[in-house]
Amino acid sequence: NDPTPHFFNHKKHAIFSVEVAPKMYMRKDYQDTMYHEIAASELRKTDEYKYSDLPYYLLKKYIETHYSQSLDKLVQQHLYKSLGASHTSYLPLQYYPKQNIIPTEDDTYWRMQTIQGTVHDQGAAMLGGIGGHAGLFSNANDVAKIMQMYLNKGYYGGKRYFKETTIAAFNTCYYCDEDVRRGVGFDKPQLGDVGPTCGCVSMTSFGHTGFTGTYAWADPEAELIYVFLSNRTYPDAGNRKLITENIRTDIQRIIYDAIID
């Protein structure tokens, strides 16, 4: 079914000004509704861990309001350009040929087109492709540079980007004693048998696994960075072979075994 015409239009004009995908535009005023729904959402009644992107929607809005500038411009100006991450950006179709970007999904349930060069995450798409939680495109070399900066405790190429205390604060498992492995923003190694790593990394290591098939992990003790990029969700998000066959973590184990040997 095509998206409801009350909220979406195939042509861009004053009311429908948010580009969700090529030839698909959303009402600009619906973004206020999104933030209202987040703010009005009830807190969980049970005191337990639940993965959620919602705080990153609000953090993006706070940062953009504070600096009076969009997040994509801020990160380019203060981080990626200086790092030499020349293939990292939001809205990559504004900078690179479409054929240089792999497709993410044949979307047959909402956008009704192949998603290629626009963000896969639906919420970030409704923010115009610039989300605090999704929307960033890159390649393995650039991701490795970013992870190396984190591994260096916020320092890279002769420049300090973050304080050491900031990196340490994000790379801390605050609720390990309550069986919650995650840090603040960073994911951490599993506390049991199942988790995001091969189980052979140090507990000081950190990283992120992405829904669409991305994986980036840094280990300060091994002085190792591992980056794996794929489009798991192509042609559709029901493809779970990458996950069920543990491809990313099996490769990680092979790397660690090779170092030990």
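Just above, that's the structure.
Residues numbered from 1 in each chain as written. Predicted model: local features only at pLDDT ≥ 70, side-chain atom pairs only at ≥ 80, totals over all residues. Heavy atoms only, no water.

K.L.:
Any chance you could break down the overall build of the protein chain for me, citing the residues and the numbers?
P.N.:
A tally of regular secondary structure across the protein chain gives eight helices and 10 strands. The C-alpha radius of gyration of the protein chain comes to 19 Å, within 12% of the 18 Å expected for a compact globule of 261 residues. Each of the three principal axes of the protein chain carries a C-alpha extent, and together these read 60 × 45 × 40 Å. In the protein chain, which comprises 261 residues, the share counted as buried stands at 37%. For the protein chain, restricting intrachain contacts to residue pairs at least 6 apart in sequence, the fraction spanning at least 24 positions comes to 43%. Here the protein chain has roughly 15500 Å² of accessible surface; of this, 54% comes from carbon and sulfur atoms. With 27 positive and 30 negative side-chain charges, the protein chain shows a separation of 8 Å between the mean positions of the two kinds. (Helix = DSSP H or I, 4+ residues; strand = E, 2+ residues; numbered from the N terminus. Rg over C-alpha atoms; globule rule 2.2 N^0.38 Å. Buried < 20%, exposed > 50% of the residue type's maximum accessible area, 1.4 Å probe, protein only. Contact = heavy atoms within 4.5 Å. Areas by Shrake-Rupley, 256 points an atom, 1.4 Å probe, with all protein chains shown as cover. Lys, Arg positive; Asp, Glu negative; His and termini not counted. Charge placed at Lys NZ, Arg CZ, Asp CG, Glu CD.)

K.L.:
Would you mind going over the sheet that holds strand E1 (residues 8–9) in detail, with residue names and values included?
P.N.:
Strand order in the open sheet formed by three strands is E1-E3-E2, and the pairing between neighbours is antiparallel. Of all the strands in the sheet, just E1 and strand E2 (16–21) have a single pairing partner and so form its edges. Two strands pair when backbone bridges link them, and E2 and strand E3 (residues 24–27) are joined in this way by four bridges, in the antiparallel orientation. Looking at the pairing, Val18 lines up with Met26 of E3. (Pairing = 2+ DSSP bridges.)

K.L.:
Tell me about the state of the cysteines, and name the residues and values.
P.N.:
Think of a disulfide as a covalent bridge from one cysteine sulfur atom to another cysteine sulfur atom. In the structure shown here, the tally under the stated rule is two disulfides. Residue Cys173 pairs covalently with Cys176 via a disulfide, S to S 1.9 Å. A torsion of 115° about the S-S bond marks the disulfide between Cys173 and Cys176 as right-handed. Between the sulfur of Cys198 and that of Cys200 lies a disulfide, 2.0 Å long from S to S. An S-S torsion of about -95° defines the bridge between Cys198 and Cys200 as left-handed. Given a relative accessible area of 27%, Cys200 falls into the partly exposed group. (Disulfide = S-S within 2.5 Å.)

K.L.:
Would you mind going over the pattern of salt bridges in detail, with residue names and values included?
P.N.:
If you walk through the whole model with that rule in mind, you get nine salt bridges. Through salt bridges with shared partners, one network takes in Arg181, Arg182 and Asp187. (Salt bridge = Lys/Arg side-chain N within 4 Å of Asp/Glu carboxyl O.)

K.L.:
How would you summarise the packing of aromatic side chains if you had to cite specific residues and measurements?
P.N.:
Aromatic ring pairs: the centre-centre distance and the angle between the two ring planes describe each pair. Taken as a whole, this structure holds eight aromatic pairs when the rule is applied. Arranged with centres 5.8 Å apart and planes meeting at 80°, the rings of Phe8 and Trp110 form a pair that is edge-to-face. Taken together, the positions of Phe8 in strand E1 and Trp110 in the loop between strand E4 (105–107) and strand E5 (113–115) put the pair 102 residues apart, joining distant regions of the chain. Accessibility assignment for this pair places Phe8 and Trp110 in one class, buried. Ring geometry for Tyr150 and Phe186: centres 5.2 Å apart, planes at 75°, overall edge-to-face. Taken together, the positions of Tyr150 in helix H5 (residues 140–151) and Phe186 in the loop between helix H6 (164–170) and strand E8 (206–209) put the pair 36 residues apart, joining distant regions of the chain. The exposure class assigned to Tyr150 is buried, which follows from its relative accessible area of 19%. (Phe/Tyr/Trp six-rings, centres within 6.5 Å; stacked < 30°, edge-to-face > 60°.)

K.L.:
Just give me the short version of the side chain of Asp107, but keep the residues and values in it.
P.N.:
Structurally, the position occupied by Asp107 is in strand E4. At 3.0 Å, the side chain of Asp107 and the side chain of Arg111 are in polar contact. The residues contacting Asp107, other than those within four sequence positions of it, are Met112, Gln113 and Ile115. (Polar contact = N/O pair within 3.5 Å; in protein donor to acceptor, adjacent residues only side chain to side chain.)

K.L.:
Explain the sheet that holds strand E9 (residues 215–219) to me, using residue names and the numbers behind them.
P.N.:
The sheet built from three strands is open, its strands ordered E8-E9-E10 with antiparallel pairing. Each edge of the open sheet is held by one strand with a lone partner, namely E8 and strand E10 (224–228). Ignoring which end each strand starts from, the neighbouring axes of this sheet average 5° apart. Bridging between E9 and E10 involves five bridges; their strand directions are antiparallel. (Axes fitted to C-alpha atoms, helices over the stretch in contact; angles between N-to-C directions.)

K.L.:
Give me the lowdown on helix H1 (residues 30–40), citing residues and values where you can.
P.N.:
Every buried residue of H1 is listed here: Gln31, Met34, Tyr35 and Ile38. Along the axis of H1, the buried positions cluster into a sector of 90°, meaning they face one direction only. Exposed and oriented more than 90 degrees from the buried face of H1 are Asp32, His36 and Ala40. Looking at the buried positions of H1, the neighbouring elements they touch are E2, E3, helix H2 (54–67) and helix H4 (122–125). (Arc of directions from axis to C-beta.)

K.L.:
Summarise the pairing of E3; cite the residues concerned and give the values.
P.N.:
On any regular strand, side chains alternate: one points to one face of the sheet, the next to the other face. Of the strand pairs in this sheet, E1 and E3 are connected by two bridges, and their pairing is antiparallel. Counterpart to Phe8 in the pairing with E3 is Met26.

Geometry only, nothing functional implied.
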